[in-house]
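# Structural features, examined
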Amino acid sequence: MKLYPLAHLRYPVESARGRRYPEGPHPYRNDFQRDRDRVVHARAFRRLENKTQVFAPGLSDHFRNRLTHTFEVSQIARTVAGVLGLDEDLVEALALAHDIGHPPFGHSGEEELDRLMKRFGEGFDHNLQSLRTLETFETTYARFPGLNLTFEVREGIVKHSRDFEPGEFPQLDEYLPGLRPPLEAQLIDICDEIAYNASDLDDAYAAGLITAADMRSATGHLEELDEVAEMQFPGAPERVRVHENIRGLINWLVSGLLEGTLAATEGLTTVEAVRAHPVRVARLTEGTAKASRELKVFLRQRVYESAAVEQARNQSTARIAGLFDLFMRDPSLMPTNYREDSYGQPLHRQVCDYIAGMTDRFFLRTCNELGVE
């Protein structure tokens, strides 16, 4: 592979469409670097430390949480962007922001809030919530609400995992519906997938939900990696061999993303061509995409639907519904300053936003204080 093979498709920071509220340039940081730093310093970013990825923290101190997962996605995404010659600062800003809208208790919390909001003809989507959080709820600047991020970062937040057509989401019509996002944004969803497939295998093994033999059966490449590890490190403990296999898996999937994206972008010469292309061009090779699908099926059947995870999920979603209904009956139980800040929003949206911003720990403490079982 030649050095920086897709540098011609790098999004030029000097061509950024600007911020909602104009600001002057910084003396030594470009706009995407400033966005990255604003995300890192956001309160919502710090709260990710106490939000569940898959496993509840009570089971072990070593499981990933939403923050450590975010760092793993960022590390993979920056590596890929650097090899391809894309804008690493834009990629990093998007990777760090991609999960900021997640509510407590991971995807089960998201699904429950979505179910509750459907009663009011709305829904809950963590990508849209990430944008709302960074544009509305972060109030650390005197000159403007939110973080005042560049258009490209805001667009990437809502588009990193899906495209949409004009009118499909009227509130997002400013973000070029019908067009693909820049390649930097397209990378995030696949880097996210690589990170959670690998880390969820690792955490599931540590939790005792799967064995090393189970892991070998998840996809053919893991079996190959384990055979190599047994030959190279015959005396290594099983847990060390498992870690060797997971590292090998990440390397193989990242290589598949590099190769697949290079093949899919052949003939594209500009950022505008990437945007106008009928489909996304960041992708895995056929072989690594097949393995990734197999890993998802394995993890769903053996981990996400396991009795231990299912029990924790059912308990958390029941309490989310209980707390939601309690606040709907008595909004005065929410903090006065929050109700003042969100004045003018429908009550169900106020309640949803308040719960979505909670960490797992604060949510449980609130439920205990208010008697929500």
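Description of the structure in this document. (Residues numbered from 1 in each chain as written. Predicted model: local features only at pLDDT ≥ 70, side-chain atom pairs only at ≥ 80, totals over all residues. Heavy atoms only, no water.)

### What to know about the overall build of the protein
For the protein, the helix and strand inventory stands at 17 helices and zero strands. The C-alpha atoms of the protein give a radius of gyration of 21 Å, which matches the 21 Å a tight globule of 373 residues would have. On the principal axes, the C-alpha backbone points of the protein span a range of 65 × 50 × 40 Å. For the protein, buried positions account for 52% of its 373 residues. Sequence separation of 24 or more characterises 72% of the internal contacts of the protein that already satisfy a separation of 6 or more. In the form shown here, the protein has an accessible surface area of approximately 17,100 Å², with 51% of it arising from carbon and sulfur atoms. One way to put it: in the protein the 44 positive side-chain charges average out to a point 3 Å from where the 58 negative ones average out. (Helix = DSSP H or I, 4+ residues; strand = E, 2+ residues; numbered from the N terminus. Rg over C-alpha atoms; globule rule 2.2 N^0.38 Å. Buried < 20%, exposed > 50% of the residue type's maximum accessible area, 1.4 Å probe, protein only. Contact = heavy atoms within 4.5 Å. Areas by Shrake-Rupley, 256 points an atom, 1.4 Å probe, with all protein chains shown as cover. Lys, Arg positive; Asp, Glu negative; His and termini not counted. Charge placed at Lys NZ, Arg CZ, Asp CG, Glu CD.)

### Focus on helix α6 (residues 126-137)
Compared with an ideal rise of 1.5 Å per residue, which puts 12 residues at 16 Å, α6 spans 14 Å between its outermost C-alpha atoms and falls more than 12% short. Listed in full, the buried residues belonging to α6 are His126, Asn127, Leu128, Gln129, Ser130, Leu131, Thr133 and Leu134. Sitting at the amino-terminal end of α6 is Asp125, which places a side-chain oxygen 2.8 Å from the backbone nitrogen of Asn127. (Expected span 1.5 Å × (residues − 1). Polar contact = N/O pair within 3.5 Å; in protein donor to acceptor, adjacent residues only side chain to side chain.)

### A word on the packing of aromatic side chains
Here the structure, examined in full by the defined rule, presents 10 aromatic pairs. Pairing Phe45 with Phe71 gives two aromatic rings, centres 5.9 Å apart and planes at 75 degrees, and the pair type is edge-to-face. Within this pair, whereas Phe45 is found in helix α2 (residues 43-47), its partner Phe71 is found in helix α3 (residues 66-84), the two being separated by 26 residues in sequence. Feature note: the residues Tyr21, Tyr141 and Phe144 constitute an aromatic cluster, connected by ring pairs. Positioned above the aromatic ring of Phe151 is the side chain of Arg17, whose terminal nitrogen or guanidinium carbon lies 5.2 Å from the ring centre. The ring of Phe164 carries the charged tip of Lys159 above its face, separated from the ring centre by 5.7 Å. (Phe/Tyr/Trp six-rings, centres within 6.5 Å; stacked < 30°, edge-to-face > 60°. Lys NZ or Arg CZ within 6 Å of the ring centre and 35° of its normal.)

### Observations concerning the environment of Ser130
Mapped onto the elements of the fold, Ser130 is located in helix α6. Along the chain, Ser130 and Arg162 lie 32 residues apart, while their C-alpha atoms are 14 Å from each other. When residues no more than four places from it in sequence are discounted, the contact partners of Ser130 are Ala97, His98, Asp99, Ile100, Gly101 and Ile157.

### Here's the deal with the packing of helix α10 (residues 220-232) against helix α11 (residues 238-264)
Direction vectors running N to C along α10 and α11 enclose 130 degrees, while the axes themselves pass 9 Å from each other. By the angle class used here, α10 and α11 are oblique. Helix-helix and strand crossings are classified by hand; for α10 and α11 the assignment is right-handed. Note on element contacts: α11 touches α10 through Arg241, Asn245, Gly248, Leu249 and Trp252, opposite His221, Leu222, Leu225, Asp226, Ala229 and Glu230. (Axes fitted to C-alpha atoms, helices over the stretch in contact; angles between N-to-C directions. Parallel < 35°, antiparallel > 145°, perpendicular 65-115°, else oblique. Left-handed = near helix turned anticlockwise from the far one by under 90°.)

### Thoughts on unusual backbone geometry
At Phe105, a residue that is not glycine, the phi angle is positive and equals roughly 70 degrees. As for its placement among the helices and strands, Phe105 is situated in the loop between α4 (88-97) and α5 (106-118). A positive phi angle is found at Leu176, which is not glycine, with a value near 55 degrees. Relative to the elements of secondary structure, Leu176 occurs in the loop between α7 (151-159) and α8 (183-207).

### So, the pattern of salt bridges
Scanning the entire structure with this criterion turns up 42 salt bridges. The salt bridge partner of Arg19 is Asp31, with a shortest N-O separation of 3.6 Å. Remark: Asp31 occurs in helix α1 (residues 31-40) and Arg19 occurs in the segment before α1; sequence separation between them is 12 residues. Given the relative accessible area of 12%, Arg19 is considered buried. The salt bridge involving Arg241 is made with Asp226; its shortest N-O contact spans 2.8 Å. Of this pair, Arg241 sits in helix α11 while Asp226 sits in helix α10; the two residues are 15 residues apart in sequence, bridging distant segments of the chain. When sorted by exposure, Arg241 lands in the same class as Asp226, which is buried. One network of salt bridges, with partners in common, ties together Arg19, Glu23, Asp31, Arg34, Asp35, Arg38 and Arg143. (Salt bridge = Lys/Arg side-chain N within 4 Å of Asp/Glu carboxyl O.)

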